[in-house]
Amino acid sequence: MSSSARLQDKVAIVTGASSGLGRAIAIRYSQEGAKVVCADLTPTARSQEESKITTHDLIVEKGGKATFVQTDVGDAAQMENLVQVAVREYGRLDMYVCYSPTC
């Protein structure tokens, strides 16, 4: 990704990561060196203006590390699962960005 590494090897969950500002945050964090767990109701953007490639696939395609977890932020069990996946996949969780209306 980019040469900037302010978030090198940090692990971040970004909710609302499939589109809009959540997608932009996830991509930027990856460019800064973070491993990103993308969370949303669906892996693909809901609007036709955005790329058809999923956020996590785009990050991986550009050399970053990312995974997608289908999550409804209004469901406590799904949120717990989201954190567990992040820790299982990357060993820890450093940051949580909640860009969802119900956070």
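Procedures and definitions
- Residues numbered from 1 in each chain as written.
- Predicted model: local features only at pLDDT ≥ 70, side-chain atom pairs only at ≥ 80, totals over all residues.
- Heavy atoms only, no water.
- Salt bridge = Lys/Arg side-chain N within 4 Å of Asp/Glu carboxyl O.
- Helix = DSSP H or I, 4+ residues; strand = E, 2+ residues; numbered from the N terminus.
- Buried < 20%, exposed > 50% of the residue type's maximum accessible area, 1.4 Å probe, protein only.
- Expected span 1.5 Å × (residues − 1).
- Pairing = 2+ DSSP bridges.
- Right-handed = clockwise from strand over helix to strand, strands pointing away.
- Polar contact = N/O pair within 3.5 Å; in protein donor to acceptor, adjacent residues only side chain to side chain.
- Contact = heavy atoms within 4.5 Å.
- Core = buried A, V, L, I, M, F, W, Y, C linked by side-chain atoms within 4.5 Å.

Chemist: Would you explain the pattern of salt bridges in this entry?
Modeler: If charged atoms from side chains of opposite charge come close, those side chains can pair. Using the criterion set out here, one finds three salt bridges in the structure. With its nearest N and O atoms 3.0 Å apart, the salt bridge here joins Glu32 to Arg6. You can see Glu32 sitting in the loop between α1 (20–31) and β2 (35–40) and its partner Arg6 sitting in the segment before β1 (11–15), a full 26 residues away along the chain. Glu32 gets classed as buried once you look at its relative accessible area, which sits at 2%. A cluster of three or more residues bridged by salt bridges with shared partners is formed by Arg6, Arg28 and Glu32.

Chemist: What exactly am I supposed to notice about α1 here?
Modeler: Note that an α-helix has 3.6 residues per turn; residues three or four places apart therefore point the same way. Given a rise of 1.5 Å per residue, 12 residues ought to cover 16 Å, and the 17 Å separating the end C-alpha atoms of α1 matches this to within 8%. Those residues of α1 that fall on the buried side of the exposure criterion are Gly22, Arg23, Ile25, Ala26, Ile27 and Ser30. A positive phi of about 105 degrees marks Gly33, the residue just after α1.

Chemist: Is there a simple way to think about unusual backbone geometry in this case?
Modeler: Trans peptide bonds make up most of the peptide bonds, and negative phi angles are found at most residues other than glycine. At Asp9, a position not held by glycine, the phi torsion is positive, near 65 degrees. Of note, Asp9 is situated in the segment before β1.

Chemist: So what exactly am I meant to see when it comes to the pairing of β1 here?
Modeler: The element β1 is extensively covered by neighbouring structure, given that five of its five residues are classed as buried. By the alternation rule, side chains of β1 split into Val11, Ile13 and Thr15 and Ala12 and Val14, which are all buried. As defined by bridge partners, β1 adjoins β2 across five bridges and the pair is classed as parallel. Its bridge partner being in β2, Val14 is matched across the sheet by Cys38. With respect to chirality, the unit in which β1 leads through α1 into the neighbouring parallel β2 is right-handed. Pairing analysis gives four bridges linking β1 to strand β4 (residues 95–98), with the strands arranged parallel. Its bridge partner lying in β4, Thr15 is registered against Cys98.

Chemist: What am I meant to see in the side chain of Thr54 here?
Modeler: Note on placement: Thr54 falls in the loop between β2 and α2 (55–61). Within polar-contact distance, the side chain of Thr54 engages the side chain of His56 at 3.4 Å. A polar contact of 2.9 Å, which involves the side chain of Thr54, links it to the side chain of Asp57. With near-sequence residues (within four places) excluded, Thr54 lies in contact with Arg23, Pro43 and Thr44.

Chemist: Even after reading the chapter, I still don't get the nonpolar core, so can you show me in this structure?
Modeler: What tends to happen in soluble globular proteins is that the nonpolar side chains get buried as a cluster. Core analysis: the biggest nonpolar cluster contains 16 residues, and Val14, Ala26, Val36, Cys38 and Ile59 have the highest contact counts within it. Of all the elements in the fold, those that place two or more residues in this core are β1, α1, β2, α2, β3 (65–70) and β4. Tallying contributions element by element places α1 first for this core, with three residues. Other than its neighbours up to four places away in sequence, Val36 contacts Ala12, Val14, Ala26, Tyr29, Ser30, Ile59, Lys65, Ala66, Thr67 and Tyr90.

Just geometry here; none of it tells us what the structure is for.
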